[in-house]
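# Architecture at a glance
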Number of protein chains: 4
Amino acid sequence: MNLAIAGVGNNITALVQGVYYYQALASTHPQADLPGIRRPVIDDIPVDGLDFVAAYDVTAGKVGADLAEAIFAAPNNYPRLEVRVPTQNVVVEQGVVEDGDRDEQIERIAKSLSEAQAEVLLYSLPAGRKWAAEMYAEAALAAGVALVNCTPDVIARDRALLARYTEANLPLVGDDLASHFGTSVVHKSLLKLLADRGLTLTSSYQFNLGGNQDFQNLNAGGTEKKQSKLNALSVGAEAQQKVHMMPFGYVPQLADQKVAHLNIEGMGWAGTPITVDLKLKVQDSSNAAGVIIDLVRFAAARRRAQQGGFVDEASSLLKSPPGTPA
Amino acid sequence: MNLAIAGVGNNITALVQGVYYYQALASTHPQADLPGIRRPVIDDIPVDGLDFVAAYDVTAGKVGADLAEAIFAAPNNYPRLEVRVPTQNVVVEQGVVEDGDRDEQIERIAKSLSEAQAEVLLYSLPAGRKWAAEMYAEAALAAGVALVNCTPDVIARDRALLARYTEANLPLVGDDLASHFGTSVVHKSLLKLLADRGLTLTSSYQFNLGGNQDFQNLNAGGTEKKQSKLNALSVGAEAQQKVHMMPFGYVPQLADQKVAHLNIEGMGWAGTPITVDLKLKVQDSSNAAGVIIDLVRFAAARRRAQQGGFVDEASSLLKSPPGTPA
Amino acid sequence: MNLAIAGVGNNITALVQGVYYYQALASTHPQADLPGIRRPVIDDIPVDGLDFVAAYDVTAGKVGADLAEAIFAAPNNYPRLEVRVPTQNVVVEQGVVEDGDRDEQIERIAKSLSEAQAEVLLYSLPAGRKWAAEMYAEAALAAGVALVNCTPDVIARDRALLARYTEANLPLVGDDLASHFGTSVVHKSLLKLLADRGLTLTSSYQFNLGGNQDFQNLNAGGTEKKQSKLNALSVGAEAQQKVHMMPFGYVPQLADQKVAHLNIEGMGWAGTPITVDLKLKVQDSSNAAGVIIDLVRFAAARRRAQQGGFVDEASSLLKSPPGTPA
Amino acid sequence: MNLAIAGVGNNITALVQGVYYYQALASTHPQADLPGIRRPVIDDIPVDGLDFVAAYDVTAGKVGADLAEAIFAAPNNYPRLEVRVPTQNVVVEQGVVEDGDRDEQIERIAKSLSEAQAEVLLYSLPAGRKWAAEMYAEAALAAGVALVNCTPDVIARDRALLARYTEANLPLVGDDLASHFGTSVVHKSLLKLLADRGLTLTSSYQFNLGGNQDFQNLNAGGTEKKQSKLNALSVGAEAQQKVHMMPFGYVPQLADQKVAHLNIEGMGWAGTPITVDLKLKVQDSSNAAGVIIDLVRFAAARRRAQQGGFVDEASSLLKSPPGTPA
């Protein structure tokens, strides 16, 4: 399947290297046994069945470079895996900018997508650039290309936009990736276990440390992210008040690794204490790529079937699918 | 409800103190909000609705003492909670011994149970004394009393015995308590999460440290316990081979506390590593008492309804209910 | 010895309860074996040899109350130990305020100190009220009372002030308590061990969580505290750049407990990795009181010997003794 | 310097790869800045100044192979580093066996050592083969070669043997390597810190998990090792009783990695609790090679200076130097 990319960050470094990692494994591993893969094949598209056909970015070291080099340009800091990524013959093109002519930019990207015969456009810029997300969404729509939105910016939850994609028989998948194996899902599962067993939550904290751009950008503020992370625990309001969240500690040395510490204090029989301490260490952008690989194949498959709109199978892989509050 | 007890160990220290702990809370807490309680009321019997009417043991410091004192006699080492346990006017009687006259002992215990008007007999001796478990089971049956077996000894899984209880309209509940919040259920839930997400288990270990009699007794051997703990993870044979179990490290300083360390190493997208380290600290016998409180009420309720045999609701609270291999 | 107190916070709750805790132990424990005590006796003054003779604060629930009650008034959240603190017959007096008449307030406090026959005044307000620290220092000097400054405010490092205390034969001890067993000293000792062994530090992080006023106040800013904590590691500038400090995470549920997480990543032979993860949990104000008990006895002993100025033995118990940068 | 090797286990896999790792770094790194190295140069011998000139083993896959291959033969499981180890032109020769002719074997090894112009023989067989250690010691002595004993077998502590080496102006260094950065030194340093600060140890445990041959061999017994590990903490007898040691948990998945968990529970001011939990993860045989590199250079330097007997500088790198109990 032909994939175009808007935003060549760590997620893409992980995605591109991973595709060649699995290609190298394909000769020796049965498809059902690929490490870290939930769905080996989606509608005839295997994990290594992605062709990267176009890419857009605005960073100096990336624009103009072949995608195979651009994925390692600063500030990307995902590790180099032991796999060779061949030259892609895909030069990263200039992406959209906020102060440029909107229509002209949309037209330029749409033309590029068409010429590249892209089936899906993956939107993967840093969060919070709604104007960019909307321009790429318009360009994809104009070019007859499906869109997958990795960010929390409101795209698939935009009813009008979703209606236009549906009408055009183009899939629109988003918003915001759920982590493949993230802190929220682990924390949620332990709190649920506690509750199922009739134990009483006394207090809990969660903090997350990382060294990539996401952690750098979100260090300062974080109130929204805090609430979004509390929501992800799926516990009641009373329990939420007992949980302290520290979503973003920036530790540059960690680069693209994420370290999370969870603590849960509870009470069992006769009020006696129960303590759980957990440390989770993951490669942050692998956690994204492991979900992206399914989303883009869902989108391509639906587009081939000429079915537009949201893809229901994608719901559990997203934090904010259509229907959740914007 | 009237409860008789065979074996006044740490589980009973926890159970008796807990009943008075909840009684003290009853005036200030709504029933639905008792800390550490899954089922506030079972068939009209509240958590603090237990009357201890008879107790049997063979330890020097316990036999002849009032139950309120016996629960604190050595080698018990469950902590003294901040709650007053009044004199029970229940003197611990001599329990059955292996080299005594079997029939005579059964008869004596049956008579004692009848006179005490016990509804349920809780069998809670150290594991591995099948001869004792069987004598108490006969005595309860003779006295028209329901039986709850806390130990892994085969009692409820004994088809002939279960049939006789059923015929006599007496409940028989066992075998082997599942922990209220134990290492197995936490480990299992994390491994399941990993698998659900399509991540690949690389390796895992679990070890358990404790300082009570269970840990002292089971330190040496442990092969059976090891397999039983592997089974409790509910993963396939292939995954079992990747999990290393160290069920019983005896650390006297921990007394009745249990500390468990879990490690899970997995692979996500492109084989990048995922590491989970977890430490769980619980009061071991609280973990038992929190389950016993439900089992004895299930048994009493069924006996009052004149229904015999196994109690299905108890299944999830047991490691080896009828039907699992003996 | 007669001790007066300025600022009845958690440190004082710990100090007062502790004195009675050790008094209760005195009958059964040899002096050399008191738990948590470094110096059982300093110049004939035992740990439980403190008499609280005066106290000053500005908080509504504290002023006017007997010291035995004031130590439990909000926002103090140090736990109540299992020890009875008798009525002290010391009513907490109004402390100094910023917008009051300076000379008048100093005179009032000096008079109160004299009448109470205080030997030492312990200054223990929240950090950052230099005006208050200076007024209490003047009052103590006027009353012929030694001063111990628990805070990072510049008092003992003020050369002119120190000279006046010296001249008056009055001890002046400060500034800023080193923790009895804090994160810095543990982190420093592990980094030193690494260096001594010729291992190479790759990266390290430290973060501290707590729920008392110190953590609440210092959450926002923290740059100064960050550098002060880096300095406390006693490593070179190059190593400092590899250490990431997060001094103050406010987790209200922790109350006066402090939890610290340390991580150290290093390289050994052939660059192979070494990882240390450490969690430290302490009662924050016990960490202060365990140091205060020595400082106030040092000060009293010196005053009795009519020696003024700084007390050299106190150096290792302070973060910023005279001579360190202000 | 010319090094001969008896026993091509994981320690040697680490040592040989490390020498080429540092050789590769030499062009880009100043000598003083080599990662993981305590002493860049000892008597003009740099870290990468080792030539492997002879090797002895009895394992099928190793004997007859070039050393560059033999270091990766089973059961060795130290990881392959990213460094190329060139063919050494050193074929692993048959080592001594227990049931062979003693004198003949000693003579054969001595002749081989002489022909190889070895300066030092490194004895690195699995622990507990004193007969082999003694044969290699005789062979080295006969060939005029210094000996370094990595194992706890009594060699350098054998007074008669040491006297003969001294007389022959040959260095004899042993016994038993201290880890470069092991559990004992970390545990000891934290317990010392606790004591220095006047805190009271309540209890402590340490357990070690690993997957190499050492852990497999020593799993069963371990009483001696337990006491030796308690001794390594350098605390008094009273404190020793509060420490629980579990020296050897065999977790095959860990291969040559070692994971240690430490817990320390103490009491501070007023008996309030202090808890330290630490996890240490190291490459076990790197911990040995980082010490071997210094010992063999100490031995070579002394031999060149024609000084025999024990090398005092080596004391701190050994668990049982001459003078400690055999």
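Our subject is the structure that appears above.
Residues numbered from 1 in each chain as written. Chains lettered and ligands numbered in written order. Predicted model: local features only at pLDDT ≥ 70, side-chain atom pairs only at ≥ 80, totals over all residues. Heavy atoms only, no water.

## Some points on helix H6 (residues 183-196) of chain B
Residues and elements named next belong to chain B. For H6, with 14 residues, the first-to-last C-alpha span of 20 Å sits near the 20 Å given by 1.5 Å per residue. For H6, the tally of buried residues reaches ten of 14 residues, placing the bulk of the element in the interior. Within H6, the full set of buried residues consists of Thr183, Ser184, Val185, Val186, His187, Ser189, Leu190, Leu191, Leu193 and Leu194. Downstream of H6 by one or two residues, Gly198 has phi in the positive range, about 80 degrees. (Helix = DSSP H or I, 4+ residues; strand = E, 2+ residues; numbered from the N terminus. Expected span 1.5 Å × (residues − 1). Buried < 20%, exposed > 50% of the residue type's maximum accessible area, 1.4 Å probe, protein only.)

## Some remarks on the interface of chain B and chain A
Contact residues are listed per partner, giving 49 residues for chain B and 49 residues for chain A. For the chain B and chain A pair, buried surface summed over both sides reaches about 3900 Å², with 64% attributable to carbon and sulfur atoms. It is Phe181, Arg197 and Trp269 of chain B that lose the most area in chain B upon contact with chain A, and together they represent 24% of the buried surface on that side. Linking chain B with chain A are zero salt bridges. The tally of links between chain B and chain A comes to 20 residue pairs in polar contact (both at pLDDT 80 or more). In terms of residue count, the dominant contributor to the side of chain B that touches chain A is strand S12 (residues 273-283) of chain B (eleven residues). Classifying every residue of the side of chain B that touches chain A by side-chain character gives 29 nonpolar, 14 polar and six charged. Summarising the sheet, strand S12 (residues 273-283) of chain A and S12 of chain B pair through seven bridges and their orientation is antiparallel. When the sheet's bridge partners are listed, Leu278 of chain A is paired in S12 of chain B with Leu278 of chain B. (Contact = heavy atoms within 4.5 Å. Buried area = accessible area lost by both parts, 1.4 Å probe. Salt bridge = Lys/Arg side-chain N within 4 Å of Asp/Glu carboxyl O. Polar contact = N/O pair within 3.5 Å; in protein donor to acceptor, adjacent residues only side chain to side chain. Nonpolar A, V, L, I, M, F, W, Y, C, P; charged D, E, K, R; others polar. Pairing = 2+ DSSP bridges.)

## What to know about the environment of Gly308 of chain D
Residue and element names in this part refer to chain D. Among the secondary structure elements, Gly308 is positioned in the segment after helix H10 (284-304). By relative accessible area, which is 22% here, Gly308 ends up partly exposed. For the pair Gly308 and Asn169, spaced 139 residues apart in sequence, the C-alpha to C-alpha distance is 3.6 Å.

## Considering the pairing of strand S9 (residues 200-210) of chain C
Residues and elements named next belong to chain C. When you tally the buried positions in S9, you get nine out of eleven residues, the bulk of the element. Strand direction decides the pairing type here: S9 and strand S11 (residues 257-267), joined by ten bridges, are antiparallel. Following the sheet pairing, Asn208 is matched in S11 by Ala260. Pairing of S9 with strand S10 (residues 243-250), which is carried by six bridges, proceeds in the parallel orientation. Bridge pairing in S10 links Phe207 to Met246.

## Notes on the pattern of salt bridges
In this structure the tally under the stated criterion is 44 salt bridges over all chains. Across the pair Arg297 of chain D and Asp294 of chain D runs a salt bridge whose closest N-O atoms are separated by 2.8 Å. Of this pair, Arg297 of chain D and Asp294 of chain D both sit in helix H10, three residues apart, which is roughly one turn of the helix. Residue Asp294 of chain D is classed as buried on the basis of its relative accessible area of 2%. It is possible to trace a salt-bridge network through shared partners that takes in Arg39, Asp294 and Arg297 of chain A.

## Regarding the sheet that holds strand S4 (residues 51-57) of chain D
All names here are of chain D. Spatially, six strands are ordered S5-S4-S1-S6-S7-S8 in an open sheet, and the strand pairing comes out parallel. With one partner strand each, in any of the chains shown, strand S5 (93-94) and strand S8 (172-173) form the two edges of the open sheet. Relative to S4, strand S1 (residues 2-6) is paired through five bridges, and the arrangement is parallel. In the strand pairing of S4, Ala6 is matched with Tyr56. Sitting on the sheet, helix H3 (residues 102-115) is in contact with S1, S4, S5 and strand S6 (120-123), with an inclination near 165 degrees to S4. (Axes fitted to C-alpha atoms, helices over the stretch in contact; angles between N-to-C directions.)

## Notes on the relation of the copies chain B and chain A
In the superposition of chain B on chain A (RMSD 0.0 Å, axial shift 0.0 Å), the rotation amounts to 180 degrees. Expressed as an axis order, the relation between the two copies is that of a two-fold axis. Residues of chain B ranked by C-alpha distance from the rotation axis are headed by Leu278 of chain B, positioned 2.1 Å from it. Of the interface residues in chain B, 100% have counterparts in chain A that sit at the interface too, so the contact is made through matching surfaces. (Least-squares fit on C-alpha atoms with pLDDT ≥ 70 in both.)

## Some words on the sheet that holds S12 of chain B
Neighbouring strands of a sheet are bound in pairs by backbone hydrogen bonds; such pairs are parallel or else antiparallel. In space, the eight strands of this open sheet follow the order S10(A)-S9(A)-S11(A)-S12(A)-S12(B)-S11(B)-S9(B)-S10(B), with mixed pairing throughout. At either margin of the open sheet sits one strand with a lone partner, and together these are strand S10 (243-250) of chain A together with strand S10 (243-250) of chain B. The average undirected angle you get between the axes of adjacent strands in this sheet is 10 degrees. Strands strand S9 (200-210), S10, strand S11 (257-267) and S12 of chain A together with S12 of chain B of the sheet are contacted by helix H6 (residues 183-196) of chain A, whose axis makes an angle of about 15 degrees with S11 of chain A. Of the strands in this sheet, S12 of chain A together with strand S9 (200-210), S10, strand S11 (257-267) and S12 of chain B are in contact with H6 of chain B, which crosses S11 of chain B at around 15 degrees.

## Some details on the packing of aromatic side chains
Enumeration according to the criterion identifies 22 aromatic pairs over all chains in this entry. Between Tyr21 of chain B and Tyr22 of chain B the ring centres are 5.0 Å apart and the planes differ by 85 degrees, which places this aromatic pair in the edge-to-face class. We classify Tyr22 of chain B as buried; its relative accessible area is 2%. One aromatic cluster is present, built from ring pairs that chain together Tyr205 and Phe207 of chain A together with Tyr205 and Phe207 of chain C. Over the ring of Phe72 of chain B we find Arg80 of chain B; its NZ or CZ atom is 3.8 Å from the centre of that ring. (Phe/Tyr/Trp six-rings, centres within 6.5 Å; stacked < 30°, edge-to-face > 60°. Lys NZ or Arg CZ within 6 Å of the ring centre and 35° of its normal.)

## Re the side chain of Gln206 of chain D
Residues and elements named next belong to chain D. Considering the arrangement of structural elements, one finds Gln206 in strand S9 (residues 200-210). Within the structure, the side chain of Gln206 is placed 2.9 Å from the side chain of His187, a separation counted as a polar contact. Side chain to side chain, Gln206 and Asn208 meet in a polar contact 2.9 Å long. Sequence-distant contacts of Gln206, defined by excluding residues within four places in its chain, comprise Thr183, His187, Lys229, Leu233, His244, Met245, Met246, His261 and Leu262.

## Description of the environment of Glu115 of chain A
By the secondary structure assignment, Glu115 of chain A is in helix H3 (residues 102-115). Distance in space between the C-alpha atoms of Glu115 of chain A and Val91 of chain A is 14 Å, their sequence separation being 24 residues.

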